[in-house]
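Coordinate inspection notes
So you can see what is in the structure, the chains are spelled out below.
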Amino acid sequence: MMIKASMRILALPLLPIGALILATMPILHPTEAICAEQPETVCIQCHASLPDKLGAPVNLWRNSIHAENGISCNSCHGGDPKNAAEAMSPSKGFIGVPSETNVPAFCGRCHPGVQKDYLASGHGRALGKGGPTCVTCHGNHQVLKASLDLINEKSCTRCHSFERAKAIKDAMQQTEGYIEGIGRRISGFQATGVDTERLGKGLFAVRNRFHTLFHEVNVARVKTESTQINTELAKLDADLKVIEESHAKRRVAGAIAVSCLLLIALLVHLLRRTYK
Amino acid sequence: MALLKRLYRWVDLRIGASEIVAKELTGYLLPRNINEWYSLGSILLVIFALQVVTGMLLMVYYVPDADKAFKSVTFIMNEVPYGWLIRLCHAVGSNMMVAVLILHMLSTLFMGSYKSPRELNWLTGFILLTLVQGISLTGYLAPWSQLSFWATTVATNSASAIPVIGPYLVEFLRGGKLVGPPTLGRFFALHVSVLPVVIAALIGAHLFILKRTGISTPPFGSSETAKPWRAESYSYQSHPGGIPFFPNYALQDLTSICIYFAIFLAVVFFAPNLPFTPDAFVPADPFKTPAHIKPEWYFLANYQTLKIFPSELLGLSVQAIAMTFLALLPFIDRSPERHPMKRPLFLICTVAGILLWIGLTVWGHFS
Amino acid sequence: MENDGRRKFLGVCLAGATAAAAVAVAYPVVRYLGPKSRQAGAEKLVLSASDVPEGEAKFIEYAGASAVLVKTKTGELIALSAVCTHLGCIVQWVKDQQHFLCPCHGGLFATDGTVLAGPPPRPLAKIPLTLTEGKITIG
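Looking only at helices and strands, chain C features one helix and 11 strands. Order of helices (α) and strands (β) in chain C, N terminus to C terminus: α-β-β-β-β-β-β-β-β-β-β-β. At 26 Å, chain C has a C-alpha radius of gyration far larger than the 14 Å of a compact globule built from 139 residues. Dimensions of chain C, computed from C-alpha atoms along their principal axes, come out at roughly 90 × 35 × 15 Å. Looking at chain C as a whole, 17% of its 139 residues qualify as buried. Counting contacts in chain C only where the partners sit at least 6 residues apart, residues at least 24 apart contribute 35% of the total.

Structure representation (structure tokens):
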């Protein structure tokens with residue numbers, strides 16, 4: 001009897017230990033939100049405290065997609081980001097502010113494809129003759145992730161009427177929606193084990209082709225390209241529909257199988273009852 | 001039908017089949033108040049059999065080579081007719097096996113069927129639990145996806161906290177410093193040959209011990225539920241006046257199995273994503289750990305426990321103590337009382353333990 | 001007894017349902033294990049005529065099996081199955097003798113596939129080929 005009681009006591013600590021663990025969990029394990037912060041460049045350190053025109057770019061840049069991806073002042077303007085004495089030295093590659101006609105080349109060092117598309121377009125041909133440069137639409141320091149919203153009435157009517165731009169935007173928005181939709185369906189299928197390699201590569205190619213359209217301003221060309229892109233997308237769509245159909249068939253077969261099993265369970269149960 | 005009768009008589013004359021049928025089937029009496037929970041054992045047998053069959057079928061097309069494994073699984077899922085079905089049955093089945101095993105263990109706990117004279121059954125069952133966890137872990141690596149690779153890395157890493165032999169043990173498990181082709185080789189060998197054989201042998205032992213001791217009576221429906229077992233001599237616990245296994249309880253087993261299959265197929269056909277995360281369909285990249293790598297749901301509590309304790313050794317020890325306690329339960333809890341409502345301390349501890357495990361699992365999922 | 005009747009009825013229903021279930025399980029397994037269904041029209045193979053010099057034989061794969069393209073000394077192009085009709089070994093080209101020899105049991109075949117000697121019961125199967133502008137199309 002005594003042994004039994006002492007054995008029972010062994011079980012007793014379980015409850016408070018469990019409660020203790022539950023209670024102290026939040027304390028013992030602090031949250032692990034650590035933002036990966038890069039050390040600030042000397043450019044930011046100095047310019048942040050400067051007034052007006054010299055200091056304004058800092059805050060604008062902080063909101064940009066460049067800042068999000070660790071691209072600081074020296075990535076575009078050159079100079080030494082760690083040494084204040086050499087920060088603006090031409091020997092360390094400092095370029096300073098590019099002139100208007102040099103803006104596309106300035107941005108094109110990292111965005112060569114876009115530069116090529118832009119220079120081939122109506123906007124590019126008007127460079128230096130009153131036409132827009134990259135920064136006209138994208139801004140210079142508060143550069144945000146590119147989206148079709150950059151084509152808007154306020155921005156485009158600075159130089160001309162909005163109708164052509166609107167036509168382009170509408171065509172592209174429809175295509176973009178189509179691409180996104182197909183992209184989502186492909187990801188959905190990949191998560192169920194469907195081999196989406198060929199489809200994924202196909203969409204990747206079409207998407208890249210679509211992106212080259214962004215800087216094209218010739219409405220007719222945009223419309224023809226968009227139609228061709230949509231044909232490609234329709235092919236991918238058809239392939240996806242085939243997969244969707246076969247999956248729907250599987251679900252029907254599944255429903256039949258599950259119902260049959262439940263029926264069999266019922267029959268067996270009734271059979272059992274005849275033996276009671 | 002006459003032909004079948006003649007066939008039966010032919011076999012009976014040679015091996016005494018009717019004797020066996022009378023002893024094991026129609027003459028094997030079970031307690032009158034037996035309930036559906038007693039079917040869980042048969043369900044587990046069926047699940048195991050299905051895992052073996054689907055596993056063998058998968059082996060026809062699967063290649064256990066680190067360079068080819070992922071592609072072979074993609075081939076099975078997309079090109080082989082009904083390959084997706086076999087693979088999904090195997091993946092869902094492994095999760096179901098763990099879930100049903102937990103239910104089987106819980107029902108045994110609540111009905112006090114682990115108590116004397118059934119300690120051996122409990123012990124073999126406990127070993128089976130660890131083996132099933134092992135076979136799930138080794139099988140997880142086979143597809144060689146990002147999920148497989150990194151979940152295995154995390155799981156094998158935990159052994160490093162063991163003092164003295166820890167780091168060597170990790171290398172021994174992995175066949176190298178990091179998870180790689182040698183790991184796949186040994187895990188595959190364990191998964192398809194060693195572990196199934198050992199599990200089958202232990203199931204055999206588990207069933208043999210059950211048959212020798214005699215099945216327990218559920219502690220419900222009678223006032224006297226605390227009959228102490230007298231350890232003087234061996235005696236088979238018979239149930240005179242009970243219901244025959246065949247056809248009565250066999251049909252109950254069959255009903256339960258059909259219901260299990262209905263649930264199982266419902267998951268296979270309507271929630272095929274359940275056992276997978278998107279990382280399960282990306283080939284393993286030893287240089288890129290994806291965010292939010294987590295072990296399977298049945299390991300989440302262990303994973304979270306290790307995260308709580310500042311020292312991994314402490315975390316492992318706590319788990320080891322808990323598991324040892326569980327394994328030795330029949331030797332710790334010696335009271336003859338079997339009705340759950342008449343064992344308040346046991347009930348509190350068990351329910352608290354279950355809630356703790358669920359809490360840790362849920363926390364592990366969101367952390 | 002009413003029970004007996006009910007039992008028989010349920011037994012019959014169950015037997016039927018089980019048989020259906022057995023077929024429903026067996027069918028996917030058989031399809032899973034079976035060989036890949038061959039496409040009705042096997043793909044054609046295109047080669048350049050200069051690939052096969054005179055008096056030489058080129059072994060290729062066609063329709064999932066071994067085949068051989070031979071250009072006789074008279075300039076004639078012939079496509080044959082390279083599978084010996086005796087027991088399935090792949091024949092070899094004997095250049096000095098301008099015939100095929102099977103290494104397994106010594107069967108001999110002429111350039112047009114006929115059996116010259118040995119155990120093969122039938123000639124080597126001919127494969128259709130067309131020659132257009134220096135390109136050979138097999139199939």
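Turning next to the overall build of chain B. Along the backbone of chain B there are 14 helices and two strands. On C-alpha atoms alone, chain B measures out to a radius of gyration of 23 Å, which is about the 21 Å that the 2.2 N^0.38 rule sets for 367 residues. Principal-axis analysis of the C-alpha atoms places the extent of chain B at approximately 65 × 55 × 35 Å. Expressed as a percentage of the 367 residues in chain B, the buried residues total 37%. In chain B, once contacts between residues fewer than 6 apart in sequence are set aside, the share between residues at least 24 apart is 78%.

Each partner contributes residues to the interface: chain B has 37 residues there, and chain A has 32 residues. Contributions of two or more residues to the side of chain B that touches chain A are made by α4 (69-78), α10 (245-270), α11 (300-308) and α14 (344-366) of chain B. When residues in the side of chain B that touches chain A are grouped by element, the largest group, 15 residues, is from α10 of chain B. Looking at the side of chain B that touches chain A residue by residue, the class counts come to 26 nonpolar, nine polar and two charged.

Looking now at the nonpolar core. By size, the foremost hydrophobic cluster in this structure holds 62 residues, and its most contacted members are Val92, Cys258, Phe264 and Val268 of chain B. Where this core is concerned, the elements lending two or more residues are α14 (219-273) of chain A together with α3 (40-61), α4, α5 (83-110), α6 (119-141), α7 (146-157), α9 (181-213) and α10 of chain B. Top element by residues in this core is α10 of chain B. It accounts for 12 residues. Setting aside anything within four residues of it in sequence, one finds Val92 of chain B in contact with Phe264, Val267, Val268, Leu274 and Pro275 of chain B. One finds Ala67, Val68, Leu80 and Ala82 of chain C within the second-largest nonpolar core, a separate group that totals 17 residues.

A few words on the sheet that holds strand β3 (residues 65-71) of chain C. Strands in a sheet are paired, the pairing made by backbone hydrogen bonds, and the direction either parallel or antiparallel. Residue and element names in this part refer to chain C. Spatially, four strands are ordered β2-β3-β4-β9 in an open sheet, and the strand pairing comes out antiparallel. Among the strands making up the open sheet, the edge pair consists of β2 (57-62) and β9 (126-127). With two bridges joining them, strand β4 (residues 77-81) and β9 adopt antiparallel strand pairing. The residue bridging Ala79 from the neighbouring strand is Ile127, located in β9.

Residues and elements named next belong to chain C. Across the sheet, four strands lie side by side as β5-β6-β7-β8; this open sheet has antiparallel pairing. The sheet is open, and its two edges are formed by β5 (92-94) and β8 (115-117), each paired on a single side. The sheet contact formed by strand β6 (residues 99-101) and strand β7 (residues 108-109) spans two bridges and is antiparallel. Paired with Leu101 across the two strands is Leu108, which belongs to β7.

Residues and elements named next belong to chain C. Summarising the element assignment, Cys89 is placed in the loop between β4 and β5. Taking C-alpha positions, Cys89 is 13 Å from Val68, a pair spaced 21 residues apart along the chain. Aside from chain neighbours lying at most four places away, what touches Cys89 is Cys84, Cys102, Pro103 and Cys104.

Each partner contributes residues to the interface: chain C has five residues there, and chain B has eight residues. Taken together, the residues of the side of chain C that touches chain B break down into four nonpolar, no polar and one charged.

Quick look at α14 of chain B now. An ideal rise of 1.5 Å per residue puts 33 Å on 23 residues; α14 of chain B measures up with 33 Å between its terminal C-alpha atoms. Looking only at α14 of chain B, the buried set comprises Leu356, Leu360, Trp363 and Gly364 of chain B.

On to the pairing of β3 of chain C, then. All names here are of chain C. In terms of residue burial, β3 counts as a mostly covered element, since five of its seven residues are buried. Once β2 ends, the chain turns through two residues before running back antiparallel as β3, passing Ala63 with a positive phi of about 50°. Sheet topology note: the β3/β4 ladder contains five bridges and is antiparallel. Bridge assignment links Val68 to a residue of β4, and that residue is Leu80.

Once that is clear, we can look at the pairing of strand β10 (residues 129-132) of chain C. All names here are of chain C. In the sheet, β10 pairs with strand β11 (residues 135-138) via four bridges, with the strands oriented antiparallel. Across the sheet, residue Leu131 finds its bridge partner in β11, namely Ile136. Count of turn residues in the β10/β11 antiparallel hairpin: two residues, of which Glu133 carries a positive phi of about 50°.

Working note: a packed helix pair is described by the angle between its axes plus the distance between those axes. Residue and element names in this part refer to chain B. Between α3 and α5, whose axes approach to 9 Å, the crossing angle comes to 155°. Between α3 and α5, the interaxial angle falls into the category roughly antiparallel. The two elements α3 and α5 cross, and the hand of that crossing is left-handed.

All right, on to unusual backbone geometry then. Here Ser116 of chain B and Pro117 of chain B are connected by a cis peptide whose omega angle stands at 0°. If you check the backbone angles, Asp52 of chain A has positive phi at about 45° while not being a glycine. Assessed through the 6 C-beta atoms surrounding it within 10 Å, Asp52 of chain A is described here as exposed. At Gln98 of chain C, a residue that is not glycine, the phi angle is positive and equals roughly 55°. Locating Gln98 of chain C in the fold gives a position in the loop between β5 and β6. On the basis of neighbour count, Gln98 of chain C is assigned to the partly exposed category, with 14 C-beta atoms found within 10 Å.

We now examine the confidence of the model for chain B. Caution is warranted with low-pLDDT regions, since their predicted coordinates should not be read in detail. Taken as a whole, chain B shows an average pLDDT of 92; of its residues, 100% reach a score of 70 or greater. Taken element by element, chain B is modelled with least confidence in strand β2 (residues 243-244) of chain B, mean pLDDT 88, and with most confidence in α3 of chain B, mean pLDDT 97.

Rules used in this analysis
Residues numbered from 1 in each chain as written. Chains lettered and ligands numbered in written order. Predicted model: local features only at pLDDT ≥ 70, side-chain atom pairs only at ≥ 80, totals over all residues. Helix = DSSP H or I, 4+ residues; strand = E, 2+ residues; numbered from the N terminus. Rg over C-alpha atoms; globule rule 2.2 N^0.38 Å. Buried ≥ 20, exposed ≤ 12 C-beta atoms within 10 Å, placed from the backbone. Contact = placed C-beta atoms within 7 Å. Nonpolar A, V, L, I, M, F, W, Y, C, P; charged D, E, K, R; others polar. Core = buried A, V, L, I, M, F, W, Y, C linked by C-beta atoms within 7 Å. Pairing = 2+ DSSP bridges. Expected span 1.5 Å × (residues − 1). Axes fitted to C-alpha atoms, helices over the stretch in contact; angles between N-to-C directions. Parallel < 35°, antiparallel > 145°, perpendicular 65-115°, else oblique. Left-handed = near helix turned anticlockwise from the far one by under 90°. pLDDT = per-residue confidence, 0-100.

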